[in-house]
Amino acid sequence: MFGFKRQLNSSRITKKKRFFIYLATNAAHEPFTPLAKDLAKYEKVDGLTEQQKRFYALITNIDENIGLLDQTLYNLKIHKRTILIFTTDNGSGVSAYNNGLSGYKSSEFDGGHRVPFYLRWPDTFGGGGNDINHLSGHIDILPTLMDKSFCNLKYSFSEGRLLDGLNLAPVLLKDEHISRFLVVETQRIETPRKWLKTSVMMNDEENNDWRLLNKYISAVSLRLYNMATDRKQQKDLTDKYGHIKSTMESFYDSWWADVTTRDNEIPRIHVGGLQEVSTLTAHDWMGTNDNIPYEQRHIQDQKACFSGGYWPIYVEKSGKYSIRVLRWPLESRMSYTSAFTELMINERKYKKDSDEENTFIVDLKKGNANLKARFITSNNKKCDAYYVYIGEGEWEPEHQVVSDGYEANWDSLKSLPIPEWLKEGKFGIFIHWGAYSVVGKVWDSPIKGYLYSEWLPHYMYRYSKKYDKLLKEYYGTSLTYAEMIERFTGDNFDAKDWVDLFKASGAKYVVSVAEHHDGFAMWDSDLTEWNAKKKGPNRDIIGEIAEATRSANLKFGVSFHRERHYWYYNYRKAENEIKEYPNRLNLYGPEFEVSEAFVNDYRARINELVEKYNPEYLWMDDITREKSSFDSVTPSIITDFVNHAFTKGLSPYLNNKSPTNKNSANFPNGVGLLSQDNLEMKGVPNHMWENAATLGISYGFSNDEEENNSYRSVKDLIWLLVDTVSKNGVLLLNVGPKSDGTIAPNQRDRLVGMGKWLELNRDAIYGSSPWHIPGYDNVRFTVGKKKESNILYVIMKDLPKNMEIIKLGYSKSWSVSDIDKITLVSNKPSSVQYTKKKGKPLEIILPTYDDLTFEYGIVLEIELRINAMDLKLKK
């Protein structure tokens, strides 16, 4: 969420140095993306809307983090002489609790602009607390802190001007009453207008708290309220107290005359001087009649095209300047396709062709200048640049700028730690669900044995004649993929039911395919109309799975597979279909090569997923085939995901997909978990890895596998998990739901069976670490987490006979004094006898266990008197 404590630690506060820290939080502003633990406190509160629940969860987080901030100052022993201030920017942004006030954000009523202001300074105010209800505003803070009773700061201004605002020292220290006026306006226009959305406030000598409001835009109709007797501002007193109204009008007239004396002067952004590089954003455009991209969705929308704005700048000193012109922020590394780029400074125009870097080197003179930059497409469409970076001299950014934490380069990303939840969890569920499940079958594959039903869309277009015939025979009709999407309704989809099953299986994280190679987005996307919210199920599938997963206290992740989409449908059948149905271009294309536009779209979709659903795990499919085109953006894609997750209080990580030949991977070693389809390892790698495994062969639902019950058995799946974990891996086991949104019975049975075994043998898996070797034959070892790693687990796939003596491999060099006891893990745990002779293997004598429950093999817990890793290894 905020990470106040993390930011404080990074600021290197010391007792000996003065410091000033400004921490800006998104809460309690939109977007309303609270932490799951905070949201859970309001989930069952009756009478609250979903937005209110999220809003209150953000307030809870603010409260917690202010407490952590205060505690940190206390721990540093500087709290007594540190001024701690907390306030917000405007009134409540949602229809929620407003302390009996009228109005919300941007309203001229008090509920639109009254905010909390918290000031803690023990050296001056002592302990305890005191509520000050005196009329005050943000302009009072500086003159108050400058008072001799506080910071005792000296100041002087030319032309006899004084600081705006009131020195509240007498109010704070002596509880004196001061009569005063205050004005608040929320106009948000380039040229302010008198009495537009205005509140004039007056606190008189009799402690009346007057408000004179004008709520209209095109006319002036003043209303007078007394907050002392009418907190909700419902009773207009203009007729009864005309003299008060006149006094307040007179003050406003003089105030307006004062603040508008320089209205003809445009505030300018200073460039050069102290700041090495200045960033100009579209939010600061002038001359647009307020037609500016002011929200993130305006920036994200690749089709949006605002124009007309310019930046008023002031050049601190004459000289050579570099000016970088971009449509998206520098850290995105996204580029805009245009015929050429124009830069205009006052009356002078500069121009670059599209194949040139959009950095202009220009000579600027000290003083005022108006700067404008725009892109012009081949059909003469003009779109202004939203971002301009300007700095002295000739420069190029050596790396991308990121908001916090990790930089967009491999060395930085290699330092990203594997989160504890992943080290502890060991087991996750992968979900492949899409319109391909409507048929749930493929007939052949170019790669022997890879009968992946999720590849059906590709085969339908690559082998169109053959598949048209097969589909008619099997499904009753030949379909286009667009028609298949129409039949993909997911009528029985219940995210909670799915996640309940996954949790019962023992899984600790869930990764859902957000978009496969088919190009159909399973989330509510603003970037493509071919998404599950607008077509097919008409539901935000990813959103529902994310919510259900977090509600179950499991970790949520998404996977993204669009990298192959450019060639997936690049066949005659799709070409003819697009001619007949032009709107399908955005499903089957629109790009049919790894172009700049394709890479930008790939990145934009991942960014949208990250920002909308806050995944904690990002699974990216194999991009090694397109590596040269993606190398320039993948570091920043990962960095944006990681840094965004940290701002949400998450502990992010990702996979590092390798193709089946194992000769390469998406990223350098040390970035993400090495991952591969049904990956198996022989030894114990130093770095954790991930086995993205199937229940059978296919990832997408396969009718054949379900009807023939040809999935791996529960026993084999448990052994797959054990084998993976013993080799320092995690298992991401795939589930392919049916097109109606249900998980097929035979798949459910496997997951339930795994869950029963894990419930009994959890300590051998969760939080465990690998031993020197994975094991031998059908025996595997893991080192338990509890008792300072003094537990060695022996997991045997096959169930030995009653009273059988097990001669444990690799134990010849052990000493009997190393062992405290050995327990047979079962529904009735029992100690077992053992013998150990020098130079001989450990012999374990199994008891009679007719009345014990062993679903699949057995687990022995060897409790040691030394650390398990200190056991000598000898076969």
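For the structure itself, look to the data block above.
Please read all numbers here as calculations on a predicted model, not as lab measurements.

When the terminal C-alpha atoms of helix α7 (residues 242-259) are compared, their 26 Å separation across 18 residues agrees well with the 26 Å that a helix rising 1.5 Å per residue should span. All of the buried residues along α7 are Ile244, Met248, Tyr252 and Trp256. Mapping the buried residues of α7 onto a view down its axis gives an arc of 100°, with all of them on the same face.

Read from one edge to the other, the open sheet built from three strands follows the order β28-β32-β31, with strand pairing classed as antiparallel. Edge positions in the sheet fall to β28 (805-808) and β31 (833-835), since each of these pairs with one other strand and no more. Ignoring which end each strand starts from, the neighbouring axes of this sheet average 25° apart. Across four bridges, β28 lies against strand β32 (residues 842-845) in antiparallel orientation. Opposite isoleucine 805, over in β32, you have isoleucine 845 as the bridge partner.

Moving on: the pairing of strand β14 (residues 367-376). In terms of burial, β14 is a largely internal element, eight of the ten residues being buried. Here strand β9 (residues 311-315) runs beside β14; their pairing, made up of five bridges, is antiparallel. Looking across to β14, one finds that valine 315 is bridged to glycine 367. Note that strand β11 (residues 340-345) and β14 share six bridges and pair antiparallel. Residue isoleucine 345 lies in a different strand from β14, and its bridge partner there is leucine 371. Summarising the sheet, β14 and strand β15 (residues 382-384) pair through three bridges and their orientation is antiparallel. Each residue of the ladder has a partner; that of phenylalanine 375, found in β15, is cysteine 383. Turn length for the β14-β15 hairpin, with the two strands adjacent in sequence and antiparallel, is five residues, and the turn residue asparagine 380 shows positive phi of about 70°.

Orientation of helix α14 (residues 495-504) relative to helix α15 (residues 541-551), taken along the N-to-C sense of each, is 45°, at an axis distance of 9 Å. As judged from the angle between their axes, α14 and α15 are oblique. Crossing hand, α14 versus α15: right-handed. In this structure, α14 uses Ala495, Lys496, Trp498 and Val499 to contact α15, whose residues at the interface are Glu544, Ile545, Ala548 and Thr549. For the contact of α14 with α15, a count of residues per class yields five nonpolar, one polar and two charged.

To continue, consider the packing of aromatic side chains. Following the criterion strictly, the structure yields 45 aromatic pairs and no others. Here a set of aromatic residues connected by ring pairs shows up, and it is made of Trp443, Trp455, Tyr459, Tyr461, Tyr463, Tyr467, Tyr474, Tyr481, Trp567, Tyr568, Tyr569 and Tyr588. When the ring centre of phenylalanine 340 is taken as reference, the NZ or CZ atom of lysine 351 above it lies at 3.8 Å. Above the face of the tyrosine 461 ring, lysine 573 is positioned so that its terminal group lies 4.9 Å from the ring centre.

With that settled, consider unusual backbone geometry. With an omega of 5°, the peptide bond between glycine 589 and proline 590 qualifies as cis. Structurally, proline 590 can be placed in the loop between α18 (585-588) and α19 (596-613). Phi at asparagine 207 is positive, roughly 65°, even though this residue is not glycine. Take asparagine 207: its relative accessible area is 51%, and that puts it in the exposed class.

Let us now look at the packing of α14 against helix α24 (residues 745-761). Where α14 meets α24, the axes come as close as 7 Å, and the angle between the chain directions of the two elements is 40°. Classified by the angle their axes make, α14 and α24 are oblique. Along its contact with α14, which presents Asp497, Leu501, Phe502 and Ala504, the element α24 presents Arg748, Leu751, Val752 and Gly755. Residues that form the contact of α14 with α24 fall into these classes: five nonpolar, one polar and two charged.

What counts and what doesn't
- Residues numbered from 1 in each chain as written.
- Predicted model: local features only at pLDDT ≥ 70, side-chain atom pairs only at ≥ 80, totals over all residues.
- Heavy atoms only, no water.
- Helix = DSSP H or I, 4+ residues; strand = E, 2+ residues; numbered from the N terminus.
- Expected span 1.5 Å × (residues − 1).
- Buried < 20%, exposed > 50% of the residue type's maximum accessible area, 1.4 Å probe, protein only.
- Arc of directions from axis to C-beta.
- Pairing = 2+ DSSP bridges.
- Axes fitted to C-alpha atoms, helices over the stretch in contact; angles between N-to-C directions.
- Parallel < 35°, antiparallel > 145°, perpendicular 65-115°, else oblique.
- Left-handed = near helix turned anticlockwise from the far one by under 90°.
- Contact = heavy atoms within 4.5 Å.
- Nonpolar A, V, L, I, M, F, W, Y, C, P; charged D, E, K, R; others polar.
- Phe/Tyr/Trp six-rings, centres within 6.5 Å; stacked < 30°, edge-to-face > 60°.
- Lys NZ or Arg CZ within 6 Å of the ring centre and 35° of its normal.

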